[in-house]
Amino acid sequence: MNAAAYDVVVVGAGIVGAACADAFSRHGLKIAVVERDVVGSGATAAGMGHVVVMDDSDAQFALTRYSQRLWQQLAPELPADVEYQQCGTIWVAADEEEMAEVKRKHSYYTERAVPTNILDVEALACMEPNLRSGMAGGLLVPQDAVVYPPCAARFLLERAQTRGAQLLFGSVQEIGRGAVRLADNTHLSARFVVNAAGAWAPGLTPKLDIKMRKGHLVITDRYPGFVRHQLVELGYLKSAHSLTTDSVAFNIQPRQTGQMLIGSSRQYGVEHKQIDPEILSRMLRRALEFMPALAQTSTIRTWTGFRAAAPDKLPIIGESPVDPSLYFATGHEGLGITTALGTAELLADRMMGNTPAIPLTPFLPTRAFVEHSHA
Amino acid sequence: MPESTRIVVNGEEISTQPGATIAAVLASRGIACRRSVTGDLRGPLCGMGICYECRVEINGIPNCRSCQTICEPGMEVSTGGG
Amino acid sequence: MAAEKKCFDVLIVGGGPAGLAAAHRSARAGASTGIVDDNPALGGQIWRGETPHNKSEAAKWLNLPRTHVEILTGTHVFHADARSRTLFAESRLANFELHYNHLILATGARERFLPFPGWTLPNVMAAGGLQAMAKSGLAIRGKRIVVAGTGPLLLAVAAYLAKHGANVTMICEQASFTRLVRFGLGLAAQPSKIVQALGLRRDLAGVPFSANTWPMKAKGNGVLQSVVLSRNGHTQELACDYLACGFHLVPNIELLALLGCNIRNGFVEVDEFQKTSVENVYCAGEPTAIGGLESSLLEGEIAALSATGLQDATGALRHKRGKLSSFATRLETAFTIRPDLRTLCEADTIVCRCEDVVHGRLTPHPSWRAAKLHTRCGMGPCQGRVCGPATEFLFGWQPDSVRPPIYPARFESLAFVEHELGA
């Protein structure tokens, strides 16, 4: 039986766990991160790497904007393989109802000093000529960016390691009361333990109300210039909102190689990793509705991942209501990449008793604990 | 049986033996198929449609495997893409 | 574009010897038969460019009875659904939904590529690849060609090239003479014996053969100009126009894996009737074991007989096949790739050609998956078919699971794949 004493042990080396390790080690804390597979191989490997401001709620806006700014500050230090690119987002409106939503978002963001531009039909067609005709317009958010998440996670972890953080590989079986037990019976002791295990967080903390939400992605061969911004249909918001039904929404991203990444899908209650052919087809057909020219492009790979979804669509950041040594940084659903840096800073502030940059109350775990385990 | 097939490569008309693949025609003339991610010239490696090094644009469609495509009269081929 | 639907009693994927043999037997049994191959014509690798109109063995098999057999060339299968017994395929201009009662997979093998400095220069090709290109119109008359790697394939390739007017500068076999002798071809340290045994003597007369020899580096300015060889402990540089490298074959099992067939040590498990672990799915030829032409033909016939309910007629064929298997094993042992070939790469030698990932970026990673995620090695259009076996040899990495599309496919083809819902 081995024992080691750390200030914090972080469970999970996805983008959120890696960001936590980076932030905590920067504060001089002695850190270990435990990963059971490959760094950034969970939802981190299945995300689109979109660094985006969202306005579902004021809390969501605050967190995404705060975190996006942290990405902007970090950008000059990111190595080439993280592929940080401020390509901007265009929220695409297919009809007048969605254009009304464009205008609402524009006002909301303008009031909060986030630069956005309303695009009319012509402007949209000019910026993205491969979108089919008949769109109503869109909203350009120029400060949104994209990254390649597994390498971003690795970069953050390596930075933490230069400050003495340790990366351990093993499967965590039990956490709590300042202890972490691995499958090989290694015991780690720490003042704090952070459950950053994403979709598998409830495996370690059964009372955590997190559901797995499966997503699919497709990547094409190289078509430089085919799409220039991250494009998201406004219907995406309806998809992300639904708590129960399977849905798809058009989402496409240009990578630096000229390859195009296409999403997105959401399914509940499916826990196998295999491609679901029906959902994949739906997702691809949805993309064809927006960009018919995709038809002839060559698709190279498909893959899936599991988002960790909390019921109120906000991540879970903060200490457990029943165990003050146990912290959570999970439940990020489709915004894990964007909010990883902000999550880590907020958690570090909370742990050290500092005032967080944005109010933490909406994210505190109390609201995400269930009295009985759900079926 | 025609004595040769005429195709257009990078804007230039060339004659090829009938039944030849585009990849064979390009390689015979020392024309590389594509540029790699870091900009190196590349040509066919496997000759059987596995390696994807022989990708060229055929009649406006990029990323076609030239080793699996027999020259047809009037085909327009562009090389040097991704 | 909607998929064109077709139905077959017996559907065969792969138009090489195994697939052709299966097609003949299937047609003879009266089954409606389809045969799909992604090359422009049938014949696979060994019979590429052969005509059905002469008296050769190839012609005999290439002459399929069109009344019972529908041929789909230039068509590759990118997806499959074992439950609904459907394959999804596309050609350059069309896409297909192919329904079957029985499926015979004769998808053959591809060459293994081993990276070394300069191997990405144009005109460095696979051994069989250069032969395929020559058969497809590549001008080789008078060209200086070095053939390197391992195994009897090198001799067959060199013989073909020499016969068609190329100047084959040298055949470089990495195996040592000791191993070649042990291979038991009555060698007595005479390469001429191998040549004789394979009936290639006339074609290879005067072509230097060097054992204990392998390529260390290909050199040239934007195109191959010379190759540096390690030859019995010394280096020797040979000017050349083409370098053909062959390091054994790797079975094409991707479609079989997608269908859920059991795979062991990289080969598909079949019973004596060529049945896989998936109902109504058979496999013949190289994906079951690298056995060569004769074995592929026999297995193709056995698979088709089994698929058409004629298992009882397979006795003699199975007996013949059994006698061939030991040859294949002896071949593997004699021509085992030596460990020296793991040390050829420098830190800046490209290993993944699709993504230009160099050796130095791969070494820190413990597994294929980790390397793939962090360097994008294996994420390009070859889907790891080139770099997968290379990294398996270099680092011992095992590939991970197979997902559709198993070949890059048009977006619309993938979008309009329809599956039956429910159990």
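Residues numbered from 1 in each chain as written. Chains lettered and ligands numbered in written order. Predicted model: local features only at pLDDT ≥ 70, side-chain atom pairs only at ≥ 80, totals over all residues.

J.: Please provide a residue-by-residue account of the sheet that holds strand β2 (residues 12–16) of chain B, values included.
T.: Working definition: the strands of a sheet are paired by backbone hydrogen bonds and lie parallel or antiparallel to each other. Residues and elements named next belong to chain B. Strand order in the open sheet formed by 5 strands is β2-β1-β7-β5-β6, and the pairing between neighbours is mixed. Strands with a single pairing partner mark the edges of an open sheet, and in this sheet they are β2 and β6 (61–65). Across this sheet, the average inter-strand angle for adjacent strands is 40°, counted without regard to direction. By the bridge criterion, 2 bridges tie strand β5 (residues 55–58) to strand β7 (residues 76–78) in an arrangement that is antiparallel. (Pairing = 2+ DSSP bridges. Helix = DSSP H or I, 4+ residues; strand = E, 2+ residues; numbered from the N terminus. Axes fitted to C-alpha atoms, helices over the stretch in contact; angles between N-to-C directions.)

J.: Pulling in residues and values, what's your account of the domain arrangement of chain A?
T.: The figure often quoted for interface size is the accessible area lost as the parts come together. Residues and elements named next belong to chain A. Looking at chain A, the domain boundaries give domain 1 (5–47 + 149–210 + 312–368) and domain 2 (86–143 + 211–309). Here the C-alpha centre of domain 2 lies 29 Å away from the C-alpha centre of domain 1. In this complex, domain 1 contributes 14 residues to the contact, which on the side of domain 2 involves 13 residues. In terms of residue count, helix α2 (residues 43–46) provides more of the side of domain 1 that touches domain 2 than any other element does, 3 residues in total. Here the side of domain 1 that touches domain 2 is built from residues that sort into 6 nonpolar, 7 polar and 1 charged. (Domains from an automatic or database assignment. Contact = placed C-beta atoms within 7 Å. Nonpolar A, V, L, I, M, F, W, Y, C, P; charged D, E, K, R; others polar.)

J.: Outline the interface of chain C and chain A, supporting the account with residue identities and numerical values.
T.: Counting residues at the interface gives 22 residues for chain C and 26 residues for chain A. Those elements giving two or more residues to the side of chain C that touches chain A turn out to be α11 (368–375), β22 (409–410) and α13 (411–415) of chain C. Tallied by class, the residues present in the side of chain C that touches chain A amount to 14 nonpolar, 4 polar and 4 charged. Note that strand β16 (residues 298–309) of chain A and β22 of chain C share 2 bridges and pair antiparallel. Bridging across to β22 of chain C, Thr 299 of chain A finds its partner in Ala 409 of chain C.

J.: Could you give an account of helix α6 (residues 149–162) of chain A, naming the residues involved and the relevant values?
T.: The end-to-end C-alpha distance of α6 of chain A is 20 Å, a good match for the 20 Å that 14 residues give at a rise of 1.5 Å each. Of all 14 residues making up α6 of chain A, 10 are buried, and the element is well covered by its neighbours. Residues of α6 of chain A that are buried sit in contact with α1 (15–26), β2 (31–35), α2, β8 (166–169) and α10 (336–352) of chain A together with α11 of chain C. With its phi angle positive at about 100°, Gly 164 of chain A sits one or two positions after the end of α6 of chain A. (Expected span 1.5 Å × (residues − 1). Buried ≥ 20, exposed ≤ 12 C-beta atoms within 10 Å, placed from the backbone.)

J.: Break down the packing of α1 of chain A against α6 of chain A for me, with residues and values.
T.: Helix packing for two helices is described by the angle between their axes and how far apart those axes are. Residues and elements named next belong to chain A. Running from N to C, α1 and α6 point in directions that differ by 25°, and their axes come no closer than 8 Å. Relative to α6, α1 is oriented roughly parallel. As α1 packs across α6, the resulting crossing turns out to be left-handed. Taken together, the residues of α6 that come into contact with α1 (itself represented by Ile 15, Ala 18, Ala 19, Ala 21, Asp 22 and Ser 25) are Pro 149, Ala 152, Ala 153, Leu 156, Leu 157, Arg 159 and Ala 160. (Parallel < 35°, antiparallel > 145°, perpendicular 65-115°, else oblique. Left-handed = near helix turned anticlockwise from the far one by under 90°.)

J.: Break down the sheet that holds strand β10 (residues 167–173) of chain C for me, citing the residues and quoting the values.
T.: All names here are of chain C. As summarised here, the arrangement of the 5 strands in space is β8-β15-β9-β10-β11, forming an open sheet in which the pairing is parallel. At either end of the open sheet lies a strand with only one pairing partner, and these are β8 (124–126) and β11 (209–210). One ladder, built from 6 bridges, connects strand β9 (residues 144–150) with β10; its direction is parallel. The residue of β10 that forms the bridge with Val 147 is Ile 171. Contacting β8, β9 and β15 (242–247), helix α3 (residues 127–135) runs over the sheet at an angle of about 95° to β8. Across the face of the sheet, helix α4 (residues 152–163) comes into contact with β9, β10 and β15 while running at roughly 175° to β10.

J.: Which residues make up the interface of chain B and chain C, and what are the values?
T.: Counting residues at the interface gives 31 residues for chain B and 30 residues for chain C. At the level of elements, α1 (22–28) and β4 (41–42) of chain B are the ones that each hand at least two residues to the side of chain B that touches chain C. The biggest single contributor to the side of chain B that touches chain C is α1 of chain B, with 5 residues. Classifying every residue of the side of chain B that touches chain C by side-chain character gives 16 nonpolar, 12 polar and 3 charged.

J.: Residue-level account of the domain arrangement of chain C, with values.
T.: All names here are of chain C. When its domains are assigned, chain C resolves into domain 1 (4–110 + 250–331), domain 2 (124–247) and domain 3 (340–395). Taken residue by residue, the interface counts 5 residues in domain 1 and 6 residues in domain 2. In the side of domain 1 that touches domain 2, the residues fall into 1 nonpolar, 2 polar and 2 charged.

J.: Let's hear about α3 of chain C: which residues, and what values?
T.: Most of α3 of chain C is tucked away, with 9 of its 9 residues classed as buried. Within α3 of chain C, the full set of buried residues consists of Ala 127, Gly 128, Gly 129, Leu 130, Gln 131, Ala 132, Met 133, Ala 134 and Lys 135 of chain C. Of the surrounding elements, those touching the buried residues of α3 of chain C are α1 of chain B together with β7 (109–111), β8, β9, α4 and β15 of chain C. Note on α3 of chain C: the residue one or two positions beyond its end, Gly 137 of chain C, has a positive phi of about 115°.

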